[in-house]
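# Inside the fold
The lines below spell out each chain.
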Amino acid sequence: MFDAEIRDNIDLHRYELPVGDEVAVVTYNLSEPNLMITETLVPAALEGQGIASRLAKHVLADAKSRGLLILPVCTFFSAYLQKHPEHADVVHPRYRDILGI
């Protein structure tokens, strides 16, 4: 089920993970060096399978490799970062303070 690769659909400003006939996404606004994460959407049929976390890990790694700082306005992303403070170095300092990481 998870063989599909996550891709950055630059035209639609979102990372996409196709799973069967469904697509899970993380939407963003890019204003270098900041990558504002606005929403994480996982179709109801795919919930509870770790797909949102897989997307989050990918987005964080991609941002780090590109020298971008995450601005997590998405509630899922904020909660994920609070549970995984080891990614704090990729988060904008102001958001680190807000999230307590």
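The rules behind the values
Residues numbered from 1 in each chain as written. Predicted model: local features only at pLDDT ≥ 70, side-chain atom pairs only at ≥ 80, totals over all residues. Heavy atoms only, no water. Salt bridge = Lys/Arg side-chain N within 4 Å of Asp/Glu carboxyl O. Helix = DSSP H or I, 4+ residues; strand = E, 2+ residues; numbered from the N terminus. Buried < 20%, exposed > 50% of the residue type's maximum accessible area, 1.4 Å probe, protein only. Arc of directions from axis to C-beta. Contact = heavy atoms within 4.5 Å.

### Some words on the pattern of salt bridges
Within the structure shown, the criterion is met by five salt bridges. Close ionic contact of D8 with R66 constitutes a salt bridge, the shortest N to O distance being 3.6 Å. Remark: R66 occurs in the loop between helix 1 (51-65) and strand 5 (69-72) and D8 occurs in strand 1 (residues 7-9); sequence separation between them is 58 residues. Here D8 falls in the partly exposed class, since its relative accessible area comes to 24%. On the basis of relative accessible area, R66 is assigned to the partly exposed category, the value being 37%. Several salt bridges share partner residues, and in doing so they unite R7, R14 and E16 into one network.

### A look at helix 2 (residues 75-83)
Along helix 2, the residues that are buried comprise F77, S78, Y80 and L81. For helix 2, the buried positions fall inside an angular range of 160 degrees around the axis, keeping them on one side. Exposed positions of helix 2 whose direction lies more than 90 degrees from the buried face are T75 and K83. Against strand 3 (22-31), strand 4 (34-41), helix 1, strand 5 and helix 3 (93-99) lie the buried residues of helix 2.

### Description of the environment of E5
Counting through the fold element by element, E5 comes out in the segment before strand 1. Looking at E5, the relative accessible area reads 62%, which means it is exposed. A sequence separation of 27 residues divides E5 from E32, and the C-alpha atoms of the two residues are 24 Å apart. Not counting residues within four places of it along the chain, the set of residues in contact with E5 comprises E16, L17 and P18.

The quantities given are spatial measurements derived from coordinates; they are silent on function.
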